[in-house]
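Fold and geometry: a report
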Amino acid sequence: MKPITISSLQAMKSEGKKFACLTAYDASFAKLFDQQGIDVLLIGDSLGMVLKGQKDTLAVTTDEIAYHVASVAAGTENAFIMADMPFMSYATIEDAFVNAKKLMAAGASMVKLEGGEWLSETINELLQRGIPVCAHVGLTPQMVHVFGGFKVQGRQQSQADKIVKSALSLEAAGAQILLMECVPESLAQKVTESLEIPTIGIGAGKHTDGQILVMHDLMGVSANYMPKFTKNFLAETNSIAEAVQKYKDDVASGTFPDKEHSFS
Ligand code: KIV
């Protein structure tokens, strides 16, 4: 196996091959996921919820993410490592430089930022300095208090139009991956077909180029609750390795996510 790069992910999109991503926070799980052929490992700010038991992701710090990036990197040989930039860590372009540098130095190959068109300048400035960016749209959990809860985004036409417009602007600004969370399947399909860059979905239906799950959800373990779009793969397999393999196979074949795990 060769290390996964942004070029490999781009090639998979071009060839119509779906890729599988998982969150990871430590070396042991990272090694297992890597050995099962998971393409992308995200050190998500979801760690605030699944590791620390908090109600949202807002209290997570860049140093916490950097600590977990270093742990994941220590266990990973081939997977592409992406790190979340936490709430307010990219409030200004200067903040974005300082904090993204910490995450890249800890072992990330890309940083993920939540937001729409307003991120364009930040993304472009990061890219110019060698920091690749994944832009995260739809249900962006750092906006939970603006949205009034963890709610599906893009069901109204005006919201959907805004997401399409943001996606195009973010790609034009230099984003190299677009992640869509909790949006209707048809909207995620439209965005995926409109962009050259690969898309990753969570609660976004089966038409995105890649899928991602929070690792605890794949195993049916959660300090909070199991959202509708997640699936406990461990329930139908005999080990964590088998559960991860089944997830990867189901993503590759387009079996996961099905209608039950998608929004319309
Ligand atoms: O923080 C996270 O784990 C994420 C995924 C849910 C995509 O952003």
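The preceding data block contains the structure.
These lines cover the structure that appears in this document, whether it is placed above or below. (Residues numbered from 1 in each chain as written. Predicted model: local features only at pLDDT ≥ 70, side-chain atom pairs only at ≥ 80, totals over all residues. Heavy atoms only, no water.)

Some points on the packing of aromatic side chains
Here the structure, examined in full by the defined rule, presents six aromatic pairs. With 5.8 Å between their ring centres and 35° between their planes, Phe29 and Phe33 make a pair best called tilted. Pair noted here: Phe29 and Phe33 are both in helix α2 (residues 27-35), with a separation of four residues, about one helical turn. Consider the rings of Tyr247 and Phe256, whose centres lie 6.1 Å apart with planes at 70°: the pair is edge-to-face. A residue is classified by how much of its surface remains accessible, and Tyr247, at 0% relative accessible area, is buried. The buried category is assigned to Phe256, whose relative accessible area is 4%. Clustering of aromatic rings is evident, with ring pairs tying together Phe233, Tyr247 and Phe256. The ring of Phe233 carries Lys231 above its face, with NZ or CZ at 4.8 Å from the centroid. (Phe/Tyr/Trp six-rings, centres within 6.5 Å; stacked < 30°, edge-to-face > 60°. Helix = DSSP H or I, 4+ residues; strand = E, 2+ residues; numbered from the N terminus. Buried < 20%, exposed > 50% of the residue type's maximum accessible area, 1.4 Å probe, protein only. Lys NZ or Arg CZ within 6 Å of the ring centre and 35° of its normal.)

Quick notes on unusual backbone geometry
The omega torsion across Phe256 and Pro257 is 0°, close enough to zero to call that bond cis. By the element assignment, Pro257 lies in the segment after α11 (240-253). Positive phi outside glycine occurs at Met88, with the angle close to 65°. The exposure class assigned to Met88 is exposed, which follows from its relative accessible area of 54%.

As for the site of the ligand
In the neighbourhood of the ligand, the contacting residues comprise Thr23, Leu42, Gly44, Asp45, Ser46, Asp84, Lys112, His136, Leu179, Ile202, Ile212 and Val214. A distance of 2.6 Å separates an oxygen atom of the ligand from a polar atom in the side chain of Ser46. Here an oxygen atom of the ligand sits 3.0 Å away from a polar atom, N or O, in the side chain of Asp84. Coverage of the ligand by the protein amounts to 95% of the 260 Å² it exposes when considered alone. Split by residue class, the shell around the ligand holds five nonpolar, four polar and three charged. (Near = heavy atom within 4 Å. Polar contact = N/O pair within 3.5 Å; in protein donor to acceptor, adjacent residues only side chain to side chain. Areas by Shrake-Rupley, 256 points an atom, 1.4 Å probe, with all protein chains shown as cover. Nonpolar A, V, L, I, M, F, W, Y, C, P; charged D, E, K, R; others polar.)

Focus on the nonpolar core
Judged by nonpolar contacts, the single largest core of 62 residues is most densely connected at Phe33, Leu178, Leu218 and Tyr247. If one sorts the elements of this core by residue count, helix α8 (residues 157-173) sits on top with six residues. Those residues in contact with Phe33 that lie beyond four places of it in its chain are Leu22, Thr23, Ala24, Ile38, Leu41, Met215, Met219 and Val244. The next biggest cluster of nonpolar side chains, apart from the first, holds 21 residues, and it includes Leu9, Met12, Val152 and Ile212. (Core = buried A, V, L, I, M, F, W, Y, C linked by side-chain atoms within 4.5 Å. Contact = heavy atoms within 4.5 Å.)

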